[in-house]
Amino acid sequence: MSSKTKIIVLHMKEIIYTLVFAALAILLILLLIVMFRPDPKKTAAETSKYIPGVYTCALTVNNTDLEVEVTVDESRINSIRFANLSESVAAMYPLMQPAIEEIAGQILERQSLDDIRYSSDSPHTSQLILDAIGSALKKARAS
């Protein structure tokens, strides 16, 4: 009976390096899985932010009724405009159209009513328009 015993010599430094690299590889794999996994809550919330359609809100300025029209799809605000701005109203209130264009541009860019800046020329008109847009978006929100 002859048995050849083999003795393997491992350096402690090599074992530690191997364990550290294995731990880093596992950590990297877990990080990639967490980062690139689709989030079901986020995708469901994005797709059902609004009920698609055209929503209006009445705005009364000096016995003149205007309608602010907001068009949305499932996840975005697509357009904001006056539905029935006649030439006589535009002539009586020349800052009305530029105010809604300025506000609409900011809202369409940010997709939010937060931190909207409006001109110092017509702060009250801009605030009325912003409130009307907010009311129309409340109607559009998915519950």
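That block above? That's the structure.
Quick caveat: nothing in here was measured; it's all calculated off a predicted structure.

Criteria and thresholds
Residues numbered from 1 in each chain as written. Predicted model: local features only at pLDDT ≥ 70, side-chain atom pairs only at ≥ 80, totals over all residues. Heavy atoms only, no water. Helix = DSSP H or I, 4+ residues; strand = E, 2+ residues; numbered from the N terminus. Rg over C-alpha atoms; globule rule 2.2 N^0.38 Å. Buried < 20%, exposed > 50% of the residue type's maximum accessible area, 1.4 Å probe, protein only. Pairing = 2+ DSSP bridges. Axes fitted to C-alpha atoms, helices over the stretch in contact; angles between N-to-C directions. Contact = heavy atoms within 4.5 Å. Core = buried A, V, L, I, M, F, W, Y, C linked by side-chain atoms within 4.5 Å.

Novice: Help me understand the overall build of the chain in this model?
Specialist: Each helix and strand counted, the chain has five helices and three strands in total. Taken from the N to the C terminus, the helices and strands of the chain come in the order α-α-β-β-β-α-α-α. Expected size for 143 residues packed as a compact globule is a radius of gyration near 15 Å; at 31 Å, the chain overshoots this value by more than 25%. Looking at the chain as a whole, 24% of its 143 residues are labelled buried.

Novice: I'm lost on the sheet that holds strand 3 (residues 77-82) in this one. Help?
Specialist: Consider a sheet: its strands pair through backbone hydrogen bonds, and that pairing is either parallel or antiparallel. Here three strands make up an open sheet; going across it, the order is 1-2-3 and the pairing antiparallel. Edge positions in the sheet fall to strand 1 (53-61) and strand 3, since each of these pairs with one other strand and no more. Ignoring which end each strand starts from, the neighbouring axes of this sheet average 20 degrees apart. As defined by bridge partners, strand 2 (residues 64-72) adjoins strand 3 across five bridges and the pair is classed as antiparallel. The residue of strand 3 that forms the bridge with T71 is S79. This element, helix 5 (residues 123-140), spans strand 1, strand 2 and strand 3 of the sheet and lies at about 145 degrees to strand 1.

Novice: It is not clear to me how the nonpolar core should be interpreted in this structure. Could you clarify?
Specialist: One recurring pattern in soluble globular proteins: nonpolar side chains tend to sit buried together. Of all hydrophobic cores here, the largest spans 28 residues; its most connected members are V68, V70, I80, I129 and I133. Those elements that provide at least two residues to this core are strand 1, strand 2, strand 3, helix 4 (96-110) and helix 5. When residues of this core are assigned to their parent elements, the largest contribution, seven residues, is made by helix 5. The residues touching V68, leaving out its near neighbours within four places in the chain, are Y55, T56, C57, L59, I80, R81, F82, I100, A132 and I133.

By themselves, these observations are geometric and do not establish any function.
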